Amino acid sequence: KGLKMLIRFGVKNHLSIRDYQELSCVASAGYDDLPHTLHVENIKQKEQNFLPVIAVYGANAAGKSNILNAFHFFRRCIARSSKDWGEMEKLPQRWFSLDSSSCDSESLYDCDFLIDEVRYQYGFAINQKIVTKEWLYAYPKGIRNILFQRDFTEESEMEVYFGPSLKKIDPVWKKIADEKNKLLLSSAGRKEMQHDQLSPVFN
């Protein structure tokens, strides 16, 4: 109880990273009995053992720094988009810089993490104009609960969906959810918008 940690982080179309890449804290099979691994009992999946520390290593110019840059960018977007992005003509997308056509594709960031031994998954995709997608799922007892989904792509049949397990969504939250140039989760960090379920995830 009280455990908070990152399980995995993924990124696509960011600086030198073109295809989806993932940084994982899940312990490899066969290493689950080591004293330093963290075991989480109520996650109903194979990956119940996690590493408290991981390392990124490789050759010079192999992209190590850009993995960290992507994670920093991901966190900054969540922290600042509700305050900063509304004034911008273009969203601060950092697309794959080695192919000029990548600026026409969305950049994607997502992660899985634990809060009090409940697994969550949060992610978003942006292009220069809008937040194309954003989602937040919780997995109490290993079963997926959709807290919210936003999808502003042309293929989407429903742009904004609040799951039944997300409580106290008033008209103000619904209005913010319709704003395509901001992350919904970012608003949960504002003092006047504190939410019992979303603010702990923001934090």
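Now for a look at the structure at hand. (Residues numbered from 1 in each chain as written. Predicted model: local features only at pLDDT ≥ 70, side-chain atom pairs only at ≥ 80, totals over all residues. Heavy atoms only, no water.)

## Quick look at the pattern of salt bridges
At step 1: Summed over the entire model, instances satisfying the criterion amount to 12 salt bridges.
At step 2: Linking Arg8 and Glu22 is a salt bridge whose minimum nitrogen-to-oxygen distance equals 2.7 Å. With Arg8 in strand 1 (residues 4-12) and Glu22 in strand 2 (residues 21-24), this residue pair connects regions lying 14 residues apart in the sequence.
At step 3: The closest approach of N and O atoms between Lys133 and Glu106, which form a salt bridge, is 3.8 Å. With Lys133 in strand 7 (residues 131-139) and Glu106 in the loop between helix 1 (64-84) and strand 5 (107-115), this pair connects stretches of sequence that are 27 residues apart.
At step 4: The network of salt bridges with shared partners includes Arg8, Glu22, Asp110, Asp112 and Arg119. (Salt bridge = Lys/Arg side-chain N within 4 Å of Asp/Glu carboxyl O. Helix = DSSP H or I, 4+ residues; strand = E, 2+ residues; numbered from the N terminus.)

## Re the pairing of strand 5
At step 1: Taken across its 9 residues, strand 5 has 9 buried, putting it largely inside the fold.
At step 2: Of the two faces of strand 5, both are covered, the one formed by Ser107, Tyr109, Cys111, Phe113 and Ile115 as well as the one formed by Leu108, Asp110, Asp112 and Leu114.
At step 3: Pairing of strand 1 with strand 5 involves 8 bridges; the strand directions are antiparallel. Bridging from a neighbouring strand, Lys4 pairs with Ile115 of strand 5.
At step 4: The hairpin formed by strand 5 and strand 6 (residues 118-126) contains 2 residues between the paired strands, and Asp116 there has a positive phi angle of roughly 50°. (Buried < 20%, exposed > 50% of the residue type's maximum accessible area, 1.4 Å probe, protein only. Pairing = 2+ DSSP bridges.)

## Things to note about the state of the cysteines
At step 1: Applying the stated criterion across every chain, the model contains 0 disulfides.
At step 2: Not engaged in a disulfide, the cysteine Cys25 finds its nearest cysteine sulfur in Cys111; these two sulfurs lie 10 Å apart. (Disulfide = S-S within 2.5 Å.)

## Description of the side chain of Lys182
At step 1: Within the secondary structure, Lys182 is located in the loop between helix 2 (171-177) and helix 3 (184-187).
At step 2: A polar contact is formed between the side chain of Lys182 and the side chain of Glu179, at a distance of 3.4 Å.
At step 3: Every residue in contact with Lys182, bar those within four places of it in the chain, is listed here: Ser81, Ser82, Trp85, Gly86, Val131 and Arg150. (Polar contact = N/O pair within 3.5 Å; in protein donor to acceptor, adjacent residues only side chain to side chain. Contact = heavy atoms within 4.5 Å.)

## Considerations on the pairing of strand 6
At step 1: Judged by how many residues are buried, strand 6 sits mostly within the fold: 8 of 9 residues are covered.
At step 2: Bridging between strand 5 and strand 6 involves 9 bridges; their strand directions are antiparallel. Bridge pairing in strand 6 places Cys111 opposite Tyr122.
At step 3: Sheet topology note: the strand 6/strand 7 ladder contains 8 bridges and is antiparallel. Of the residues in strand 7, the one forming a bridge with Gln121 is Tyr137.
At step 4: In this antiparallel pair of consecutive strands, strand 6 and strand 7, the connection spans 4 residues.

## Digging into the layout of surface pockets
At step 1: In this structure, the largest pocket spans a volume of roughly 560 Å³.
At step 2: Together, 20 residues line the largest pocket, and Arg75, Ile78, Val201, Phe202 and Asn203 are the ones closest to its centre.
At step 3: Among the elements of the structure, strand 1, helix 1, strand 5 and helix 4 (198-202) are those that each provide at least two residues to the lining of the largest pocket.
At step 4: A total of 7 residues in the lining of the largest pocket trace back to one element, the largest contributor, which is helix 1.
At step 5: Of the residues in the lining of the largest pocket, the class split is 15 nonpolar, 2 polar and 3 charged.
At step 6: Roughly 200 Å³ of volume is contained in the second largest pocket.
At step 7: Lining the second largest pocket are Ser16, Ile17, Arg18, Asp19, Gln21, Glu22, Leu23, Val56, Ala62, Gly63, Lys64 and Ile67.
At step 8: Taken together, the elements giving at least two residues each to the lining of the second largest pocket come down to strand 2 and helix 1. (1 Å grid on protein atoms, 1.4 Å probe; cavity = no way out; pocket = protein on both sides within 12 Å on 5 of 7 lines; lining within 4 Å. Points joined across faces, edges and corners; volume = space filled by probe spheres on them. Nonpolar A, V, L, I, M, F, W, Y, C, P; charged D, E, K, R; others polar.)

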